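Spelled out from the first residue to the last, the chains are:
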Amino acid sequence: MRRILLVLALLLPALALAAPGRAGGWAATYLDPVPAAFEAGATYTVGFWTLQHGTHPFVGELGKVGLRFSGGGRSVEFTAVELKEKGHYAAALALPEGEWRVEALQGLFDPFPVGTLKVPGALTVDPLDPRLKAMIPGYLSMNGGKDPWGEVRPPGFPRNGATPKPAAGPAIPEPAAATVGAPAVWPYWLGAGVLTAAALAALVVRRRVRA
């Protein structure tokens, strides 16, 4: 029994420490206006916002942020630099011809699906989950209408209680699709529960054998 308790004492804290990256919830990525067309070998700079819960900047060291392009057995990553605004980043990129699945690298959070890019061609952004879209004004109302940004802000976020009109030129893409729900902490504690149940079962069997 002492051995079982010792194993649990070692494993449970390890599982708990594995969860902090998820414990803060999830994040979503919003794109700034992108070029109407992409050409092979040309260099482009793409701006985007990485926001925890899809509504506000992450507080602390987020980690590596950037864009990942995958397709045809290839995968290319471009690391982003943080801009003046909180949660605002930009990545310079150049891609060869092909069809690329685009993901945003969100540091501590899981990669976020952005859309599909054809080179030469255009970026098709995944539709925005309506539940995420509904959370944007709710976040501002909970903070008395205040937000972390000034005039430069994520696309679709209200300014002075009103939703800004799209700027002239290429259409502002909808933020990429998001899966809205509880933080993904449960797999870690599910594993802890399985280990605990297994240990208790072993203890019961051991006592029955002795009896």
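Now for a description of the structure that goes with this document. (Residues numbered from 1 in each chain as written. Predicted model: local features only at pLDDT ≥ 70, side-chain atom pairs only at ≥ 80, totals over all residues. Heavy atoms only, no water.)

For the rest of this paragraph, the subject is the overall build of the chain. Helix and strand content of the chain: 4 helices and 9 strands. Along the chain, from the amino end to the carboxyl end, the secondary structure elements read α-α-β-β-β-β-β-β-β-β-β-α-α. Of all 211 residues assigned to the chain, the portion counted as buried reaches 36%. The contacts of the chain with a sequence gap of at least 6 include a subset with a gap of at least 24, amounting to 66%. Carbon and sulfur atoms make up 62% of the accessible area of the chain, which totals about 12,100 Å². (Helix = DSSP H or I, 4+ residues; strand = E, 2+ residues; numbered from the N terminus. Buried < 20%, exposed > 50% of the residue type's maximum accessible area, 1.4 Å probe, protein only. Contact = heavy atoms within 4.5 Å. Areas by Shrake-Rupley, 256 points an atom, 1.4 Å probe, with all protein chains shown as cover.)

Our focus in this paragraph is the sheet that holds strand 6 (residues 88-93). Ordered by their spatial adjacency, 4 strands build an open sheet running 1-2-6-5, and the pairing between neighbours is antiparallel. In this open sheet, the two edge strands, each paired with only one partner strand, are strand 1 (27-31) and strand 5 (81-82). Of the strand pairs in this sheet, strand 5 and strand 6 are connected by 2 bridges, and their pairing is antiparallel. Within strand 6, the residue paired with V81 across the bridge is A90. (Pairing = 2+ DSSP bridges.)

Moving on: the side chain of R153. Tracing the chain through its elements places R153 in the loop between helix 3 (130-142) and helix 4 (186-210). With a relative accessible area of 12%, R153 lands in the buried category. A distance of 2.9 Å separates the side chain of R153 from the backbone oxygen of G150, its partner in a polar contact. (Polar contact = N/O pair within 3.5 Å; in protein donor to acceptor, adjacent residues only side chain to side chain.)

Honestly, that's just the spatial picture; any functional story needs more than this.
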